[in-house]
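# Observations on chain architecture
Read off the chains here:
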Amino acid sequence: MRKHAIALTAAGLMSVTAALADYPEKPVSFIVPWPPGDLEDVLTRLIADEFQEMYGVPAAVVNKPGGGGGPFPGAVEVATAPADGYTIGSFVPAVPIAGELIGIPELTPNPFEPVGIFMTYPFVIAAGSDAPYSTWEELVAYAKENDVALGHFGSVLPPTRITLALAASSDFDFGSDAAFDELNCNTLASGDVDVINTTLQQVLPCKDDLKILASIGTERISIIPDVPRVSELNPDLDVALWNGLFVHKDVPADARAKIETAAKAALEKPEAQKLIGETGVLIYWQDADASNAQIASDKEVNGKISELLGE
């Protein structure tokens, strides 16, 4: 009887191991909660392609823009999918940091754990060529006497909060603000807003016609090296805007390891590395432990931002 029980136990363990080893067995979706075309979309597509080539199953990027709701509708889709590794989120810091702070039920408490962070956005605060200011200091002076409208990706997202906190510490408020799914050359040309905070990728076609007032990140952007960082204007706002791969906390370790292997291989490809020189993006791989440390650090900065905003 004892030998029979041991045999059954061993068979059960072998069955579980085999099931894990079989991942992936079916198509995998990478959810990007933004429209196509920006850097997180481009790089996630490279990762999906590598995943498909490496493991022989279909892997596709699914864009789920939030319609003014930022990344949260897409994040909810990942949170409510089966925790089996077949639905992977490509997320900005707001998802693991702000989702539960603003009380989204499916994201409270935070259901995600990082597989790894893979890029830092070249994020900028920019105005059109006809703006009567060319630097942040000139914007401050102008905005104290005139209304200035800010365009952003969502009021609770870190880039917006950083911009508003920088304004507060410079002793002015934007006259109005509005959220957009995309913030590009057309946004400024339309006259709907005066200043936007966006990724440099979205305004590359008109970069030379813009007045870029500041960048958001821990180092200056390589293709606009003369533009000061927000943290040079206010050291309390020293934060980078990254994107990473996230899964539900119950996704098995074997699946996470295979996702990480494909991502690291994709980021080393010439197509990914070429983007560094073309867009100023930083591309790297930060594993789960380092990513969790990054998130904890960003939460501390978020607290300082809350103080500046009087929250």
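Residues numbered from 1 in each chain as written. Predicted model: local features only at pLDDT ≥ 70, side-chain atom pairs only at ≥ 80, totals over all residues. Heavy atoms only, no water.

## With respect to the pairing of strand E4 (residues 112-120)
We count it as follows: Burial status follows relative accessibility: with a 1.4 Å probe on protein chains alone, a residue under 20% of its type maximum counts as buried, one over 50% as exposed, and anything between as partly exposed. To qualify as a helix, a DSSP run of H or I must reach at least 4 residues; to qualify as a strand, a run of E must reach at least 2; elements of each kind are numbered from the N terminus. Pairing between two strands is assigned when DSSP locates at least 2 bridges connecting them.
The buried count for E4 comes to eight of nine residues, which makes it a mostly enclosed element. Bridge count for E4 against strand E10 (residues 242-248) is seven bridges, and the pairing is antiparallel. Across the sheet, residue isoleucine 117 finds its bridge partner in E10, namely glycine 244. Pairing of E4 with strand E11 (residues 282-286) involves three bridges; the strand directions are antiparallel. Its bridge partner lying in E11, methionine 119 is registered against isoleucine 283.

## Observations concerning the sheet that holds E4
Defined as follows: As a rule, the C-alpha atoms of each element are fitted with a line to give its axis, helices using only the stretch in contact, and angles between N-to-C directions run from 0 to 180 degrees. Residues are treated as being in contact if the distance between any of their heavy atoms lies within 4.5 Å.
One open sheet accounts for six strands, arranged E2-E1-E3-E10-E4-E11; its pairing is mixed. The open sheet has two free edges, formed respectively by strand E2 (59-63) and E11, since each of these has just one partner strand. Looking at each pair of strands side by side, their axes are set apart by 25° on average, direction ignored. With three bridges connecting them, strand E1 (residues 28-32) and strand E3 (residues 87-91) associate as parallel partners. Its bridge partner lying in E3, phenylalanine 30 is registered against isoleucine 88. Packed onto the sheet, helix H12 (residues 288-308) meets E4, E10 and E11 and runs at close to 85° relative to E4.

## Quick look at the nonpolar core
The condition that has to hold: Working definition of a nonpolar core: buried Ala, Val, Leu, Ile, Met, Phe, Trp, Tyr and Cys residues. They are joined through side-chain atoms within 4.5 Å.
In this structure, Phe30 and Leu245 are the most contacted members of the largest nonpolar core, which totals 97 residues. Dropping the residues within four chain positions of it, phenylalanine 30 is found in contact with Thr44, Ile47, Ala48, Phe51, Ala59, Ala60, Val61, Val62, Ile88 and Leu245.

## Quick word on the sheet that holds strand E8 (residues 195-199)
Strand order in the open sheet formed by five strands is E7-E6-E8-E5-E9, and the pairing between neighbours is mixed. Where the open sheet ends on each side, the last strands, each with one partner, are strand E7 (176-179) and strand E9 (211-216). Each strand of the sheet is rotated relative to its neighbour by a mean of 20°, with strand direction disregarded.

## Digging into the pattern of salt bridges
As a reminder, the rule being used: Salt bridges, as used here, are contacts in which a Lys or Arg side-chain nitrogen is within 4 Å of a carboxyl oxygen on Asp or Glu.
Using the criterion set out here, one finds 12 salt bridges in the structure. Notably, a salt bridge pairs arginine 220 with glutamate 232, separated by 2.7 Å at the nearest N-O pair. Here glutamate 232 lies in helix H9 (residues 230-233) and arginine 220 lies in the loop between E9 and H9, a separation of 12 residues in the sequence. Note on arginine 220: relative accessible area 36%, which makes it partly exposed. When its relative accessible area of 38% is taken as the criterion, glutamate 232 is described as partly exposed. Several salt bridges converge on common partners, so that one network encompasses Arg220, Arg229, Glu232 and Asp238.

## Considerations on the packing of aromatic side chains
For clarity, the cut-off: In this scheme Phe, Tyr and Trp rings, the latter by its six-membered ring, pair at centre separations within 6.5 Å, and the angle between planes marks the pair as stacked below 30 degrees, edge-to-face above 60, and tilted otherwise. Sitting over a ring, as applied to charges here, requires NZ of Lys or CZ of Arg to be within 6 Å of the ring centre and within 35 degrees of the ring normal.
Taken as a whole and assessed by the stated rule, the structure comprises 13 aromatic pairs. On the numbers, 5.0 Å between centres and 65° between planes, the contact of tyrosine 23 with tyrosine 86 is edge-to-face. With tyrosine 23 in the loop between helix H1 (2-21) and E1 and tyrosine 86 in the loop between helix H3 (72-80) and E3, the pair connects residues that are 63 residues apart, well separated along the chain. Pair check on accessibility: tyrosine 23 and tyrosine 86 agree, each one buried. A ring pair is formed by tyrosine 133 and tyrosine 142, whose centres lie 5.3 Å apart and whose planes are at 50°; its orientation type is tilted. Exposure remark for tyrosine 133: the relative accessible area of 3% places this residue in the buried category. On the basis of relative accessible area, tyrosine 142 is assigned to the partly exposed category, the value being 27%. A connected cluster of aromatic rings, assembled from ring pairs, spans Tyr23, Phe30, Phe51, Tyr55 and Tyr86. Its end group placed over the ring of tyrosine 86, lysine 26 keeps NZ or CZ at 4.7 Å from the ring centre.

## A few points about the packing of helix H6 (residues 158-169) against H12
Short version of the rule: Roughly parallel means an angle under 35 degrees; roughly antiparallel, over 145; roughly perpendicular, 65 to 115; everything else is oblique. Here is the rule for handedness: rotate from the far helix to the near one, and if that takes an anticlockwise turn smaller than a right angle the crossing is left-handed, while a clockwise turn gives right-handed.
Where H6 contacts H12, the two axes come as close as 9 Å, and the packing angle between them is 45°. As judged from the angle between their axes, H6 and H12 are oblique. Considering how the two elements wind past one another, H6 and H12 form a crossing that is left-handed. Where H6 abuts H12, its residues Arg161, Ile162, Ala165, Ala168 and Ser169 lie against Asn302, Ile305, Ser306 and Leu308.

## Quick look at helix H11 (residues 270-279)
Stated precisely, the cut-off is as follows: The arc in question is formed by the directions pointing from the helix axis toward the C-beta atoms.
Those residues of H11 that sit buried are Ala272, Leu275 and Thr279. All buried residues of H11 lie within an arc of 45° about the axis, which places them on one face of the element. The outward face of H11, more than 90 degrees from its buried face, is lined by the exposed residues Pro270, Lys274 and Gly277. Of the surrounding secondary structure, the elements contacted by the buried residues of H11 are helix H2 (39-55), helix H8 (200-203), helix H10 (253-267) and E11. The first or second residue beyond H11 is glycine 280, which carries a positive phi of 85°.

## A few points about H3
Of all the residues in H3, the buried ones are Phe72, Gly74, Ala75, Val76, Val78 and Ala79. Looking at the packing, one finds that the buried side of H3 touches E1, E3, helix H4 (94-98), E4 and E10.

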